[in-house]
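So you can see what is in the structure, the chains are spelled out below.
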Amino acid sequence: MIQCPNCGGLLKFDIASQQMRCDSCSSLFDPYAFEMSGAEESTDYDVTIFRCPQCGGEITSTDETAAGFCSYCGSSNVLESRISKEKRPQLIIPFKKTKQDCTNAFEKFIKRAVFAPNSYRAAGRADSFRGIYMPYWLFDMSQRGQINVATSESHRSGDYIITDHYMMRGMLDCYYNGVSYDASSSFADDISSDIAPFNVKDITKFSPSFLSGYYADIADVDAPVYRDTAVDLAKESTYNYLKKSSPMAKCSFDTPKENVKGCMKTNVNATRSAMFPVWFMSYRNRDRVAYATVNGQTGKVSADVPMSIPKYLLCALFIAAILFVVFQMFFTITPKILVLFVALIGMISVILYSNELKKIISLENYEDDLGMLDKERRVEEKKMARVQAQVGANFNGVEGAGTDAYVVTKNDIARAKREKAKQKKAKKDSSGCFVWIIALSFLFIGFGSFIFQGLESVLDTGNLGLGGVLVAVLFFIVSLVFTIIAWKNLGHMKTKRLFPASVWSTVSILMIAIITMTNSINDTLYYIISMIAMVGVLMNIIGIIMNYNLLATRPLPQFEMYRGGDDRA
């Protein structure tokens, strides 16, 4: 805690004045006026670390006051704390947007989210945004050297098209300073990229005084994790410049893109640590949490927005009623056309459901989050190191190895077997999906023209012939394939479910395929089947919304990474 030299009150960083303001006497001071002697040579600074007992999330503060909330899971409790020394960042961008600016930006953003739950909107209006300094790595890179690109330029001469080929050469002299990546595994990479960029014109030398009145996340991702990504970004940017804005842009590039990028010698000249300002709000729903973040410098908003199922269904019912009236005014919808239309909607909903499951698996496995992947890798490396140490000790016949070394338990063996079986199953599933796709492609090539002719006949006459039956059967086969794929994907999800919701749509389409085969003349039967099928499609749509809400929320951060206890106890 920094005390006011005039009255002894608490000094906090004031966004409006960009200085330290006393809570008691409102005196203003330069943030650098409170640097300790020799601070320039010190690589550490004192902080209080708060760890949430609910989710394990950690934040730091230079104040001595206890935090009554968790920034990551939104739980209201007294956080466990300890005093520690943390590595001192080199640079910082102070907050430029106040909490009121942040709230106004979020309210403007959430107005466009029609289906957001009311509780989520209320969470954004309340005093729930917290100012947090997020750790970042900054990369300064340069590209120098000769670049050779094979290009061509075509022009017409009479009945001929003449193409001129050139080998264009040039010297690269490019600089990329301050390319930033977040250094916290708890701060998802997609959120970080959504609120980017931060303008480095406001960057300044770090002082702990800037943190007074705010919190800071702990940097737990090393710079080399993002080094290759930063280099690739620099190469991509240079290639885009050559392609669109340089003197080479007037010609077509014949050299493949990767070959051109491979010739760019990119050097990382400096890697610096920094802290960037973020306003952070967490909305918790059971064991999941949605985040709303606002760039504390520019005011750019990024938010995970869940969807309210009642709101969506009410709006969908309203739109469906309007469309039904419009279609009845301008088109003649016979019962036989209606069942095919319902089957089409059902098939589309099944495909959407299956695709969303793939996205959920990708999200749960952190496939696009390099920071979390690195953290999981380090956890696994520690686990493997303990196992290998024990195996080595036993192999060398070290007496008493079981006392100090880690002993492989039955749970370890079972866990390894499950992981191996899971990888084998995933490989089998991927090959099976490929076979299904090939089979459907051959089916479409062989019977596609006949099916389209039959569908055209149904639309013209309103009667189901062989073509209408084939259309219904095709819809069922496609739905069945994607439902099987969805069922297999459920086995790879951490969020467990008994069966995919797409089963309801698939069963509904099967009923439609059967009724089309009978070619009944009873219109009432078609209407009844259509209504039953729509109920199945509706159940699938609810499943799609539930999947969307899984994608729009995240597991409690770090909770899975803290694996305490001893399974031998």
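Small disclaimer: the values here were computed from a predicted structure and weren't measured.

Cut-offs and rules
- Residues numbered from 1 in each chain as written.
- Predicted model: local features only at pLDDT ≥ 70, side-chain atom pairs only at ≥ 80, totals over all residues.
- Heavy atoms only, no water.
- Helix = DSSP H or I, 4+ residues; strand = E, 2+ residues; numbered from the N terminus.
- Buried < 20%, exposed > 50% of the residue type's maximum accessible area, 1.4 Å probe, protein only.
- Contact = heavy atoms within 4.5 Å.
- Areas by Shrake-Rupley, 256 points an atom, 1.4 Å probe, with all protein chains shown as cover.
- Pairing = 2+ DSSP bridges.
- Axes fitted to C-alpha atoms, helices over the stretch in contact; angles between N-to-C directions.
- Parallel < 35°, antiparallel > 145°, perpendicular 65-115°, else oblique.
- Left-handed = near helix turned anticlockwise from the far one by under 90°.
- Core = buried A, V, L, I, M, F, W, Y, C linked by side-chain atoms within 4.5 Å.
- Expected span 1.5 Å × (residues − 1).
- Arc of directions from axis to C-beta.
- Phe/Tyr/Trp six-rings, centres within 6.5 Å; stacked < 30°, edge-to-face > 60°.
- pLDDT = per-residue confidence, 0-100.
- Polar contact = N/O pair within 3.5 Å; in protein donor to acceptor, adjacent residues only side chain to side chain.
- Salt bridge = Lys/Arg side-chain N within 4 Å of Asp/Glu carboxyl O.

1. Thoughts on the overall build of the chain
So, step 1. Along the chain, the regular secondary structure elements total 13 helices and 16 strands.
So, step 2. Within the span of the chain, comprising 569 residues, buried residues form 44% of the whole.
So, step 3. Considering only contacts in the chain between residues 6 or more positions apart, those separated by 24 or more positions represent 75%.
So, step 4. With an accessible surface of roughly 30,500 Å², the chain has 60% of that area assigned to carbon and sulfur atoms.

2. So, the sheet that holds strand 1 (residues 11-14)
So, step 1. Judged by pairing direction, the sheet is antiparallel, and its three strands sit side by side in the order 1-2-3 without closing on themselves. Each edge of the open sheet carries a strand with a single partner, namely strand 1 and strand 3 (28-29).
So, step 2. Alignment of strand 2 (residues 19-22) against strand 3, held across two bridges, turns out to be antiparallel. Counted as the bridge partner of Arg21 is Leu28 from strand 3.

3. Considerations on the packing of helix 12 (residues 502-518) against helix 13 (residues 523-552)
So, step 1. At a minimum axis separation of 7 Å, helix 12 and helix 13 run at an interaxial angle of 165°. Overall, the two elements helix 12 and helix 13 adopt an arrangement that is roughly antiparallel. Between helix 12 and helix 13 lies a crossing of left-handed hand. From helix 12, Ser502, Trp504, Ser505, Ser508, Met511, Ile512 and Ile515 reach across to helix 13, where they touch Leu525, Tyr526, Ile529, Ile532, Ala533, Gly536, Val537, Met539 and Asn540.

4. Some details on the pairing of strand 2
So, step 1. Judged from the four bridges that link them, strand 1 and strand 2 form a sheet pairing that is antiparallel. Paired with Phe13 across the two strands is Met20, which belongs to strand 2.
So, step 2. From the end of strand 1 to the start of strand 2, which pair antiparallel, there are four residues, and Gln18 there has a positive phi angle of about 60°.

5. Regarding the nonpolar core
So, step 1. Of all hydrophobic cores here, the largest spans 39 residues; its most connected members are Tyr120 and Tyr133.
So, step 2. Those elements giving two or more residues to this core turn out to be strand 1, strand 2, strand 4 (44-51), helix 1 (99-110), helix 2 (118-125), strand 13 (266-285), strand 14 (288-295) and strand 15 (301-303).

6. Overview of helix 1
So, step 1. For helix 1, built from twelve residues, the straight-helix expectation of 16 Å at 1.5 Å per residue is met to within 8% by its first-to-last C-alpha distance of 16 Å.
So, step 2. Burial in helix 1 covers these residues: Cys102, Thr103, Ala105, Phe106 and Ile110. Taken around the axis of helix 1, the buried residues stretch over an arc of 165°, which confines them to a single face.
So, step 3. Where helix 1 is buried, its residues contact helix 2, strand 13, strand 14 and strand 15.

7. A closer look at the packing of aromatic side chains
So, step 1. Going through the model one piece at a time under the given rule, you end up with 20 aromatic pairs.
So, step 2. When the ring of Tyr120 is compared with that of Tyr283, the centres are 5.2 Å apart and the planes differ by 85°; the resulting orientation is edge-to-face. Taken together, the residues span a long stretch of sequence, with Tyr120 in helix 2 and Tyr283 in strand 13 at a distance of 163 residues. An identical accessibility class is assigned to Tyr120 and Tyr283; each is buried.
So, step 3. Ring geometry for Phe280 and Tyr291: centres 5.0 Å apart, planes at 55°, overall tilted.

8. Points about the confidence of the model for the chain
Where the model shows low pLDDT, its predicted coordinates should not be examined in detail.
So, step 1. Averaged over the chain, the pLDDT score is 77; the fraction of residues at 70 or greater is 76%.
So, step 2. The lowest-confidence element of the chain is helix 9 (residues 401-404), averaging 42 in pLDDT; the highest-confidence one is strand 7 (residues 91-92), averaging 92.
So, step 3. Residue range residues 397-409 is modelled with pLDDT below 50. Its contacts to residues more than four positions away, or to other chains, number 19 contacts.
So, step 4. In this model, residues 559-569 is a region of pLDDT below 50 whose contacts with residues beyond four sequence positions or in other chains number 22 contacts.

9. Quick look at the side chain of Ser184
So, step 1. Among the structural elements, Ser184 can be located in the loop between strand 9 (160-182) and helix 3 (189-194).
So, step 2. The buried category is assigned to Ser184, whose relative accessible area is 1%.
So, step 3. A polar contact of 2.3 Å, which involves the side chain of Ser184, links it to the side chain of Asp217.
So, step 4. In this structure, Ser184 is in contact with Tyr72, Met134, Pro135, Asp217, Ile218, Asp220 and Val221, ignoring residues within four places of it in sequence.

10. Concerning the pattern of salt bridges
So, step 1. Per the counting criterion, the structure on display carries nine salt bridges.
So, step 2. The partner of Arg21 in a salt bridge is Asp14, with the nearest N and O atoms 3.7 Å apart.
So, step 3. The partly exposed category is assigned to Arg21, whose relative accessible area is 30%.
So, step 4. Judged by its relative accessible area of 19%, Asp14 falls in the buried class.
So, step 5. Put simply, Glu258 and Lys261 hold a salt bridge, and the shortest N to O gap is 4.0 Å.

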